[in-house]
Amino acid sequence: MFLCVMCVAASISGRVFFDPNENGVFDGGEPGLAGVRVAISQGGTPLSTAVTGASGSYAFPNLSAGTYEV
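About the thresholds
- Chains are numbered independently. Their residues run from 1 in the order of the written sequence.
- Owing to the predicted nature of the model, reporting of local features is limited to residues with pLDDT of at least 70; listing and counting of side-chain atom pairs is limited to 80 or more, with chain, interface and lining totals taken over all residues.
- Hydrogen atoms and water are omitted, and side-chain values are computed over all heavy atoms in the structure.
- In this description a helix means any DSSP run of H or I spanning at least four residues, a strand means any run of E spanning at least two, and both kinds are numbered starting from the N terminus.
- Three labels apply to residues, based on accessible area from a 1.4 Å probe with only protein chains included: buried if under 20% of the type maximum, exposed if over 50%, partly exposed otherwise in between.
- Whether two residues are in contact is decided by their heavy atoms, any of which lying within 4.5 Å being enough.
- Counted charges follow a simple rule, with Lys and Arg positive, Asp and Glu negative, and His plus the chain ends left uncounted.
- Note on definitions: salt bridges are taken to be side-chain nitrogens of Lys or Arg within 4 Å of carboxyl oxygens of Asp or Glu.
- Polar contact is defined as a pair of N or O atoms within 3.5 Å, subject to the rule that within protein one atom must be able to donate a hydrogen and the other to accept it, and that residues adjacent in sequence are counted only when both atoms are side-chain atoms.
- Here the nonpolar core consists of buried residues drawn from Ala, Val, Leu, Ile, Met, Phe, Trp, Tyr and Cys, with membership extended through side-chain atoms lying within 4.5 Å.

(A) Up close: the environment of L33. Relative to the helices and strands, L33 is located in the loop between β1 (10–15) and β2 (37–42). Residue L33 is classed as partly exposed on the basis of its relative accessible area, which comes to 34%. When the C-alpha atoms of L33 and R15 are compared, they prove to be 8.1 Å apart, with 18 residues separating the residues in sequence. Apart from the residues within four sequence positions on either side, L33 is in contact with V16, F17, F18, T52, G53 and G56.

(B) A look at the side chain of E30. Summarising the element assignment, E30 is placed in the loop between β1 and β2. In this structure E30 is buried but unpaired, with R15 as the nearest side chain of opposite charge at 8.1 Å. A polar side-chain atom of E30 sits 2.9 Å from the main-chain amide nitrogen of D27. If sequence neighbours within four positions are ignored, E30 has contacts with R15, F17, F18, D19, P20, N21 and V25.

(C) Spotlight on unusual backbone geometry. Despite not being glycine, E22 shows a phi value in the positive range, around 50 degrees. Assessed through its relative accessible area of 69%, E22 is described here as exposed.

(D) Here's a closer look at the nonpolar core. The biggest cluster of nonpolar side chains holds seven residues, and these are V38, I40, A50, Y58, F60, L63 and Y68. Only β2 and β4 (57–63) provide two or more residues apiece to this core. The element that contributes the greatest number of residues to this core is β4, accounting for three residues. Setting aside chain neighbours within four positions, we find Y68 in contact with I12, I40, S41, Q42, L47 and L63.

Keep in mind these numbers describe shape, not what the thing actually does.
In structure tokens:
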């Protein structure tokens, strides 16, 4: 049996939004973009995709420790 006391599942989440002032930062009132496909990979290997919801939000839950590209 394996018991991991320090193991914690991680997640990556974010929001895709229209940025009319092109500052790269979400400012209140900027609308989220629904229906955008977001991909996650690790070391160049595709892992999964998610589609943004009505507010432009996406999430990749239950990730193990590591470095990911979104």
